[in-house]
Every structure is written in structure tokens, then in C-alpha cells.
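Each chain is listed here by its residues.
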Amino acid sequence: MTLLHWIGDFLRHQLDLVPLSTARWLMIGLYLILMFWIIQLPSTATNPPGRQGTWRGDLKIWAWFALMFQILIYSVF
Amino acid sequence: MAQLTSIDYLVILSYLAATMVIGLWVGSYVRSGSDFFLAGRSLPWWAIGMSLVATDIGGTDLIGVGGDAYRYGIVMGNFEWIGCIPAMLVGAFVFIPHLWRCRVTTIPEYLERRFSVQLRSSVAACWLFLMACNLGVMLLASAVFLKSLTGWDISVCILITALLVGTYTWSGGLAAVVYTDVLQGVVMIGGCLMFVAIGIYEVGGIEPLIDKIHTVAKGQDQQDALQREQKMTAAERLAFKSKKTRHDRPAHESEHLSLVLPVDTRSPGPWPGILFGLGLIVGPGYWIGNQSIVQRALGAKSEYEAKASYVYGALIKNVIPFLVAVPGLIALVKFPELGHERADVALPQLVGALLPAGFRGMFVAAFLAALMSSVDSYLNSATTLYVNDFYRRFYRPEADEGQMLAVGRWTTIGFVLWGIYFAFQLLAFPAGIYTIFQTLLSFFIGPTLAVLIAGMLSRNASSDGAVTGFYAGLLTSVGLFSLNQPGVCRRLGLRPLFQVGQPYLYYSIWSFLVAMMFIVIFSYFLRSDPPEKTRYAIGGTNPEGGAA
């Protein structure tokens, strides 16, 4: 057994102790962090130049849709 | 699969004719190298978005994911969900706009501007090697599946695919690839949607489907567990049984409808690999560092359109696993007797059993669409890498737009011929050879992501650190791969390093971490880069004066 095997066994054992419900929340947490980050982006970064204010062109809304759908999927399955 | 009828052939020929017409029509507008490689920077967001999705789903994925969903369940959906959507959204708002503003044609070109020509050549050579090998692998693997769907001879399948894809990619370059991808994406999604709808109707609706999946899969899981227990020692059996009772699932449910699976799962998706490997390394590496993906967004008509294409692609990605994985689950319910060993024939068998004449042709067209959209992208991107990062960089820096177009077209022909040759050579090797070439992606993706993140997000990262980090990451993934091969382990008297069947997600994690560590250490101790290099980090200023 090498040092690499020892590291692998140690990590595997530690990760095996994490409940699957916690793992699921970590995945959902990733999406929640992204939602928080996207909502904070300046509107100039998410709208076409010179056309700020129209909701259809605001990429924040569509990115949120994609993320909300993901949270729903990872909550159900 | 049941024989195709004349109506099926009519549907398939109509699809192929439409693809060729679009490809050649777009090709008639190509006048320069810039038109050929970046579509003259004129692509709209909706075309790029659909093209991103179509490129990502290959013909082999369509069948392979169905087979894996039969074996392991909906966990395969992780590869389209957490493996794509977070990376696409971060890419959309951070990395892609920066690359677009830098006005580069390839990712290695950006790496030379930010770091050095050594790094550019190294990264370009690795990706070119991967793409050239995968061209042959994709042609052959797809021909094998096409043969099982249609009964055509395997050589005919290879030649027809290569000829069709080669013709429109030769003519129209990136624009032809993207606009034919739009048609191919629509055909692929439409064909799969029809297939899923008929399948769910046949098993009596969604609720009965879920119940039957649990019943069938639970039985298979129990059989599998019994077989595993028979091979274990008493102590291993005790530990295995105690683990089985710790999974927080109701007793009547199987793993088949769960996206979060334990560390010791038999599937390729243990949760640490999915979250840390797929979600944080492979996904971002693929959507930010893969030339065949990023090249489309570099051809967008504006920075906003480049961003919008990735967001639109992320929205479509939400539905893809329902279209490619659910057929595998329907096949599990319809043909439980196939078992894990014959899961790959589940989908062709389901097509034959479920679909009437005409609809079978539509599914074959969907399969062809998925296959062609991936082969054309690899073909065009391999050409772009060779012409821009080697031919123009080292041989003809003064080449004008007309010469670049001519060389691009000749190189495309060269890669088509190479792909055909390599596919025929691979016929002589066992099927496991595909896996080795597909594992190549996991060798490069971690180190590529590390140098891109370091280069874009930090002005302290130096070119010496980036080159060292890239090679250290590459050596790490090759080393881990080698130490996991049964032959190598037997010779060294060691057990394999990883316990999961397909540990490529773990190669990516470790190669990324090692690459990043080397970049940080070497950048700290060795000389730093001059301002004309560091200004290509995000927030700097590019030579044209705009914000980089």
C-alpha cells in the first residue's frame, strides 16, 4: 500500500460518513450560491447595450429560471 | 430492431437532404478565413445556444446514456444537469465575454497572449491529439450503433457519415456547423420527445412507470448484491450489509430514481465525483476550455449574444436528461430480462418494439442528427486549432484571409480522411479501446481549466508557473490512470487506486488541484510576467483599448 492508497482510503472513509441528505443539500447549495451571485450582477452585464429595462432581454431572469428548475429537480430526485 | 420501411427511409433522406442544403447554402457566403473559422463573428444567440446543446449530445451518448440509465438509473442525468448548467452560467457571465472581448479565434491563442507560446503550443497539441483521435472513435462507435439500428454495413456507415459531414463542414466552416446544428438539435429533441411520449403512454403513464422502475430495479439490485456478497469475506460482508441499511431511502425504492448516490455505488456517479469532479472541474473545464464548444460563442455577433447563447443553452439543458435517460428507464420496465450485460441493446430493441413505421425513421434521423452535430464540431475545431495555432503561428504568419480559407478547407479534407482511416484501424482493436480515447478528455480538462482560471482571474499567475502547472496536472492524470490499470497494479503488487468502476471524474479533480498548486508555487517564486501579458486577465485592458 502506497501513500496514495492511504490518502484515497482516508478520503473515501470520511466521505462515506457524510449522509446522502447532506450531499443533496450541498448540490442544492451550489445552485443557491449561483442564484445569489447572479442577482447581484450589475444590469449592464446582463442586458443588451442600450436596451436596459426590458425584462425579456435581461439574462438574469432566464439564468434564474434554469437554476430554479435545477433546484426543483435535485429536490425531487 | 425491426426493419426500416420505405416511409422510414423517406424521413431519413429528407433530414439528410435538408442538412446538406442548409450546410451548402451557408457555405456559399463564406469568403475568408474569418468567415470559415468564426462565421465572420455574425452568429445569433439562438443558433449558438442550440448548437451548444446539439454538439454536446453525440450519437453514442444518445444510445450510451440510454443503456447506462437502464443499468444505473437517472443518476446519468447529473452529466447534463450539475455537469453543465452551473458551468454554462458562470461561463456566460465571466469567462465567455472575456474571451470574446479579447477577439481570439482559439483558446490556445488566448493562452499565448496571457502567458507564453510554449503553453499555447502544448495546450493546442493536446486538444488537437484528442480531437483527431476522437474523430475516428466517434465515426466508428456511431457506425456500430447505426448498424444495430439500420442493419447497414459498418464500412458504409463510416463512409456515408464522414462524406456528408465532411462536405458541408468543408464548404461552410463554423457557420455551416452551427446552422446545421440548429436543424439537428430540433430533429434530435423532437425525435426523442416523441419516443419518450409514446413510451410513457405504453407503460400506462408516469406513476405506473415510477412504480415499475422501483420494482424491477430493486429486484436487480438485490440480485447484484447477492452476487457481490458471494465474493466477499465474512468481515467485508458485514461491512457491506451495514452500509446498505444506512442509505436514507424507503425500503421499497431502488437507486434508479436518485441523483445522489453513495460513495461505494456501482454507477459512474458517486456523489463526491458528481459534485466535486463533474460540477466543479469537468463541467467548467468542458464549457470554458473546450475549443469545439467555446468557438461558437467566439463567433457571436456581440458580447451580449455570446452570453445569451450560453444562458439559452443552459435552459435547454434542463430537459435533455428527460429525453435521453428516460428511454433507458422505459426499456428497463419493458425488457427487464436484458440485465446489466446487455443494457446497450435496450434502446434499439425499444425502438423496434414501440415505434411504428415512419416514427422509426424519425428516431434514426434523431440519432444521425446527434452523431453529425458532434462529428462536424470536432472536425471544424480540429481544423481551427491546426490552422491557427500551428500553420499560421509557426509557418505562415503573413497568410491573408484567402489563404487561410484555402488552408482551412484542405485541412478539413485531411481530417476527414484521417478520421476514416483511424476508424477503420480501430476496427482491428477490442471495443475497450474507445474508453481509453474517451478518457483522454479527463487527462486534459483539469490542467486546461487550471491555467485558464489562473490566467483570467489573477494577474499574479506567471507563464512559467502556468507551463509547469499544466504539465504537472497532465502527469498527475496519466499517473493516476496508470496506477488504476489492472496490468500495472499486478506488476507492482498493488491494488487499484480507485474503487469505482470509471474513476475519470477523480482524475480530473486531482489533476486540477495539482496543476493549480504548481501554478501558485511557481508563480510565487519565479519571475512575474510583464504588463503586456497580465492585462489579458479579467479587468485588464486589451491592445485595442477596450476592457478585457
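Residues numbered from 1 in each chain as written. Chains lettered and ligands numbered in written order. Predicted model: local features only at pLDDT ≥ 70, side-chain atom pairs only at ≥ 80, totals over all residues. Heavy atoms only, no water.

1. Quick word on the environment of isoleucine 316 of chain B
All names here are of chain B. Condition: By the criteria applied, helices consist of DSSP H or I runs no shorter than four residues and strands consist of E runs no shorter than two, each listed in order from the N terminus. Relative accessible area decides the class of each residue, using a 1.4 Å probe on protein chains only: under 20% of the type maximum gives buried, over 50% gives exposed, and in between gives partly exposed.
Summarising the element assignment, isoleucine 316 is placed in helix α13 (residues 303–317). The class for isoleucine 316 is buried, based on a relative accessible area of 11%. The sequence separation of isoleucine 316 and isoleucine 85 amounts to 231 residues, and the corresponding C-alpha distance is 9.6 Å.

2. Focus on the confidence of the model for chain B
Defined as follows: Values of pLDDT, which run from 0 to 100, indicate the predictor's confidence residue by residue.
Looking at chain B as a whole, the pLDDT averages 84, with 92% of positions reaching at least 70. For this predicted complex, the interface confidence reaches an ipTM of 0.92, while the overall pTM sits at 0.88.

3. Description of unusual backbone geometry
All names here are of chain B. Positive phi, normally seen in glycine, also occurs at alanine 39, with a value near 55°. By secondary structure assignment, the location of alanine 39 is in the loop between α2 (33–38) and α3 (45–56). Even without being a glycine, arginine 41 presents a positive backbone phi close to 45°. Along the chain, arginine 41 falls in the loop between α2 and α3.

4. With respect to the packing of helix α8 (residues 154–202) of chain B against helix α17 (residues 359–395) of chain B
All names here are of chain B. For clarity, the cut-off: Axis definition: a line fit to C-alpha positions, over the contact stretch in the case of helices; interaxial angles, taken between N-to-C directions, run 0 to 180 degrees. Note on convention: near helix rotated counterclockwise from far helix by under a right angle means a left-handed crossing. Clockwise means right-handed. Ten residue types, Ala, Val, Leu, Ile, Met, Phe, Trp, Tyr, Cys and Pro, are classed as nonpolar, four, Asp, Glu, Lys and Arg, as charged, and the remainder, Gly among them, as polar.
Running from N to C, α8 and α17 point in directions that differ by 140°, and their axes come no closer than 6 Å. Handedness of the α8/α17 crossing: left-handed. Classifying every residue of the contact of α8 with α17 gives 21 nonpolar, 11 polar and two charged.

5. Focus on the packing of aromatic side chains
Residues and elements named next belong to chain B. Note the cut-off: In summary, the pairing rule links any two rings of Phe, Tyr or Trp, Trp by its six-membered ring, whose centres are within 6.5 Å, and it sorts them by plane angle into stacked for under 30 degrees, edge-to-face for over 60 and tilted for everything else. Counted as over-ring charges are cases with an Arg CZ or a Lys NZ within 6 Å of the ring centre that also lie within 35 degrees of the ring normal.
On inspection of all chains with the given rule, the structure shows 27 aromatic pairs over all chains. Summarising the aromatic geometry, the rings of phenylalanine 443 and tyrosine 507 are spaced 6.4 Å apart at their centres and angled 55° between planes, so their arrangement reads as tilted. One end of the pair, phenylalanine 443, is in helix α19 (residues 432–457); the other, tyrosine 507, is in helix α22 (residues 504–525), and 64 residues separate them in sequence. Pair check on accessibility: phenylalanine 443 and tyrosine 507 agree, each one buried. Ring geometry for phenylalanine 481 against tyrosine 507: centres 6.0 Å apart, planes inclined by 85°, an arrangement best described as edge-to-face. Taken together, the residues phenylalanine 481 in helix α20 (residues 463–483) and tyrosine 507 in helix α22 connect sequence positions 26 residues apart. Look at tyrosine 507 and you get buried, because its relative accessible area is 3%. Site record: aromatic cluster; members linked through ring pairs are Phe443, Phe481, Phe498, Tyr506 and Tyr507. Sitting above the plane of the tryptophan 100 ring, arginine 103 keeps its charged end 5.0 Å from the centroid.

6. Brief notes about the interface of chain A and chain B
We apply this condition: In what follows, a contact means two residues having at least one pair of non-hydrogen atoms within 4.5 Å. Note on definitions: buried area is the accessible-area loss of two parts on being combined, 1.4 Å probe, summed for both. Each salt bridge in this description consists of a side-chain nitrogen of Lys or Arg and a carboxyl oxygen of Asp or Glu lying within 4 Å of one another. We define a polar contact as two N or O atoms separated by no more than 3.5 Å, with the added condition that, inside protein, one atom must be a possible hydrogen donor and the other a possible acceptor, whereas residues neighbouring each other in sequence contribute only through side-chain atom pairs.
Facing 39 residues of chain A, the contacting portion of chain B comprises 41 residues. Together chain A and chain B conceal approximately 3700 Å² of surface at their shared face, both sides included; 76% is due to carbon and sulfur atoms. Seen at the junction of chain A and chain B, the total is one salt bridge. The salt bridge involving aspartate 9 of chain A is made with arginine 495 of chain B; its shortest N-O contact spans 2.3 Å. Summed over the shared surface of chain A and chain B, the result is nine residue pairs in polar contact (both at pLDDT 80 or more). Mapped by element, the contributors of at least two residues to the side of chain A that touches chain B are α1 (3–16), α2 (20–39), α3 (43–46) and α4 (59–76) of chain A. With 11 residues, α2 of chain A is the single largest residue contributor to the side of chain A that touches chain B. Its residues assigned to classes, the side of chain A that touches chain B comprises 28 nonpolar, seven polar and four charged.

7. Focus: empty space enclosed by the protein
Residues and elements named next belong to chain B. Put simply, the rule reads: Throughout, the protein atoms alone are placed on a 1 Å grid, and a set of points is a cavity if a 1.4 Å probe fits but cannot get out or a pocket if it is open with protein on both sides within 12 Å along at least five of seven lines; lining residues have an atom within 4 Å of a point. Grid points are joined across faces, edges and corners, and a volume is the space filled by probe spheres set on the points.
Counted according to the given criterion, the structure contains three cavities of 30 Å³ or more. Counted as a void, the largest cavity has a volume near 50 Å³. Taken together, Leu135, Leu139, Ala162, Val165, Gly166, Val375, Leu379, Phe415, Val416 and Gly419 make up the full set of residues lining the largest cavity. Mapped onto the lining of the largest cavity, the elements with two or more residues apiece are α7 (117–150), α8, α17 and α18 (401–426). Considering only residue class, the lining of the largest cavity consists of eight nonpolar, two polar and no charged. Of the pockets and cavities examined, the second largest cavity occupies roughly 40 Å³. Lining the second largest cavity are Leu62, Cys192, Phe195, Leu323, Val324, Pro327, Leu347 and Phe363. Across the lining of the second largest cavity, the residue classes break down as eight nonpolar, no polar and no charged.

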